Amino acid sequence: MKAKRTGRILATLATFALAMGALVGIQAAQAATGANCTVRSTASNAVCDVVTYGALHRVQSVDPINPIGGYTEGQMAYLIQGKLYRYDANGKPRRDLVEEADVSSDGKTVTHKLRAAKYSDGTNITAADVVNAFERWVGSKRSASYIDAVDKAVAKDSRTVVWTLKRPYPDFNFALAQEFMGIHPASKTDTAEKAKEYFKDPVAGGPMMIKTFTPGTDSFILVANPNYWAKPRVNELRVVTIPDGNTRLAAFQAGSIDYAMELPLSAKSIKWDKAKYRVTGEQDSGTFMLAFNMGPLQPNKALKDARVRQAISLAVDRAGIMRTAFANLGKPNCGMQFNHNNDYVVCSLPKSGKRDTAAARKLLKEAGYANGFKVTMPVPNRIFWQDAAQVVKDSLKFVGIDVTIEMITPDTNITPVINKRDWEMMWFGNNAATPILQLSNWFKPGGVWANNANLPDSLLTETAKLLNDAAASESSSVIKDKLAGVEKIAFDLSAFIPIGNRFYLSGSRIGNNIVEALLPGQLQFVLATNPALPND
């Protein structure tokens with residue numbers, strides 16, 4: 001006991017030393033400055049000169065089609081790129097470079113008239129640039145399920161884009177607002193070779209443009225784009241890389257950073273001066289999950305049996321995970337979809353996701369694993385996730401399943417693990433702007449997690465049809481019925497096991513919705529402007 005206690009003390013001292021050491025390197029980062037840049041400022045009146053973001057990842061690429069590191073890259077790319085539609089602080093797509101939009105009576109032709117807009121270097125943003133952005137997205141195959149309803153995009157003239165759809169797509173704007181649809185000059189990005197060179201120092205069609213960008217370093221600075229059609233409420237955004245959560249918290253407390261998207265759970269118990277700080281639990285449109293490798297390189301014979309995967313779903317302690325690792329700031333799931341602000345939630349899990357170890361043991365026995373088996377679970381090293389993985393391990397041990405946890409540090413190193421295609425079971429999350437897009441990530445060919453988990457397209461035929469029908473409908477009852485059908489198949493397949501709603505403990509010294517990561521979303525970034533994005 002004494003040894004354990006000594007270890008904890010040493011670990012605490014090491015963390016403190018790490019935090020203080022890191023702070024030395026970022027003391028030059030000033031607290032937010034400006035005529036009106038405090039926690040009481042609003043998106044309609046803020047005037048911020050400099051804001052510092054303490055981020056988890058280095059920015060090594062601002063090309064969302066070819067990322068190198070983690071989600072911070074997508075966030076910063078989002079502020080630079082031109083957008084037809086841009087997400088507002090509530091996760092709703094708003095017109096950005098689109099001046100007028102027209103949809104045909106059958107819903108299959110969408111015409112966008114662009115603003116007379118310019119990039120940061122003064123050159124015109126054209127319809128050809130929009131078409132090129134779309135073609136780059138298609139070619140990348142990233143989240144291809146989001147745009148599989150699009151037949152083609154054509155530049156009718158320099159400021160008009162005509163989209164031809166295979167079927168009606170009422171949520172098309174949600175897809176266009178994704179970071180993958182980043183508008184840059186076609187003449188500089190229409191080949192892989194050109195794009196690689198261009199994105200070392202790109203121009204901007206969004207509200208911010210690059211001032212300092214040296215890949216491989218911990219500093220990244222954006223400044224307001226003088227040619228953007230609206231004036232940003234923040235003149236300069238400095239991104240400082242602070243991978244360790246406790247170090248970010250110390251920097252936030254010290255005033256060296258103004259915003260942190262992910263703070264450790266200990267931040268919840270601190271008595272913050274509400275006149276200077278906002279620390280909130282931000283619900284995300286995402287689901288924590290266990291994912292299984294469904295490809296031919298799956299090395300674990302037991303996990304190839306759907307009954308075993310269903311047994312894991314029955315045995316895992318969802319409530320315990322959300323209570324122990326996440327302090328009940330997010331709710332356990334009763335179905336696949338995110339359960340916050342979602343009218344289409346379906347409680348599709350047996351007993352609404354409550355633990356049933358007797359049923360789990362029965363399935364394991366039927367599958368020939370009455371005595372359990374061993375499984376290895378890689379887990380990206382993010383805040384809260386190690387504690388969540390431990391509860392998974394403990395709850396599955398109760399039914400004889402021996403889980404070996406492999407923490408992946410830094411968390412971005414999970415990408416080569418996924419790409420190797422021989423992993424067994426993984427802890428991760430699935431985020432999307434809408435329930436249909438989230439389920440498409442899992443259950444449509446081209447979905448990001450369908451790809452990551454190596455799911456054969458042959459297993460997704462029925463779910464893809466249901467999701468296409470849902471996406472083409474504007475009837476709430478039809479959509480809910482189709483999604484319920486997807487969820488029934490989801491449990492039968494059990495390629496993904498939902499655990500609970502994703503959330504982040506975030507901190508800011510600036511008012512709400514002025515400069516922060518989009519939550520829900522995580523992969524985009526919100527920056528208030530004057531005037532604001534059109535609310536239509």
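Whatever comes next refers back to the structure up there.
Criteria and cut-off values
Residues numbered from 1 in each chain as written. Predicted model: local features only at pLDDT ≥ 70, side-chain atom pairs only at ≥ 80, totals over all residues. Heavy atoms only, no water. Helix = DSSP H or I, 4+ residues; strand = E, 2+ residues; numbered from the N terminus. Buried < 20%, exposed > 50% of the residue type's maximum accessible area, 1.4 Å probe, protein only. Pairing = 2+ DSSP bridges. Right-handed = clockwise from strand over helix to strand, strands pointing away. Salt bridge = Lys/Arg side-chain N within 4 Å of Asp/Glu carboxyl O. Axes fitted to C-alpha atoms, helices over the stretch in contact; angles between N-to-C directions. Parallel < 35°, antiparallel > 145°, perpendicular 65-115°, else oblique. Left-handed = near helix turned anticlockwise from the far one by under 90°. Contact = heavy atoms within 4.5 Å. Nonpolar A, V, L, I, M, F, W, Y, C, P; charged D, E, K, R; others polar.

Caption draft 1: Broad picture of the side chain of Gln81. Structurally, Gln81 is set in the loop between helix 2 (71–80) and strand 2 (85–87). Using a relative accessible area of 0% as the deciding quantity, one classes Gln81 as buried.

Caption draft 2: Summary view of the pairing of strand 14 (residues 373–380). Among the eight residues that make up strand 14, six are buried, leaving the element largely enclosed by the rest of the structure. Both strand 14 and strand 15 (residues 401–408) contribute to a ladder of eight bridges, which runs parallel. For Val379, the partnering residue across the bridge sits in strand 15 and is Met407. Since strand 14 and strand 15 lie parallel, the crossover through helix 11 (residues 385–397) that links them has a hand, and here it is right-handed.

Caption draft 3: Structural detail: the pattern of salt bridges. Within the structure shown, the criterion is met by 23 salt bridges. A salt bridge links Lys194 to Asp190; the shortest N-O distance between them is 3.0 Å. For Lys194, a relative accessible area of 38% puts it in the partly exposed group. A salt bridge links Asp469 to Lys482; the nearest nitrogen and oxygen atoms lie 3.9 Å apart. One end of the pair, Asp469, is in helix 15 (residues 461–472); the other, Lys482, is in helix 16 (residues 476–493), and 13 residues separate them in sequence.

Caption draft 4: Here's a closer look at the packing of helix 8 (residues 306–315) against helix 10 (residues 357–366). It is the contact of helix 8 with helix 10, at a shortest axis distance of 8 Å, that shows an interaxial angle of 165 degrees. It follows that helix 8 is roughly antiparallel to helix 10 by the angle criterion. Handedness of the helix 8/helix 10 crossing: left-handed. Here Arg307, Val308, Gln310, Ala311, Leu314 and Ala315 of helix 8 come into contact with helix 10, specifically with Thr357, Ala359, Ala360, Leu363, Leu364 and Glu366. Looking at the contact of helix 8 with helix 10 residue by residue, the classes come out as eight nonpolar, two polar and two charged.

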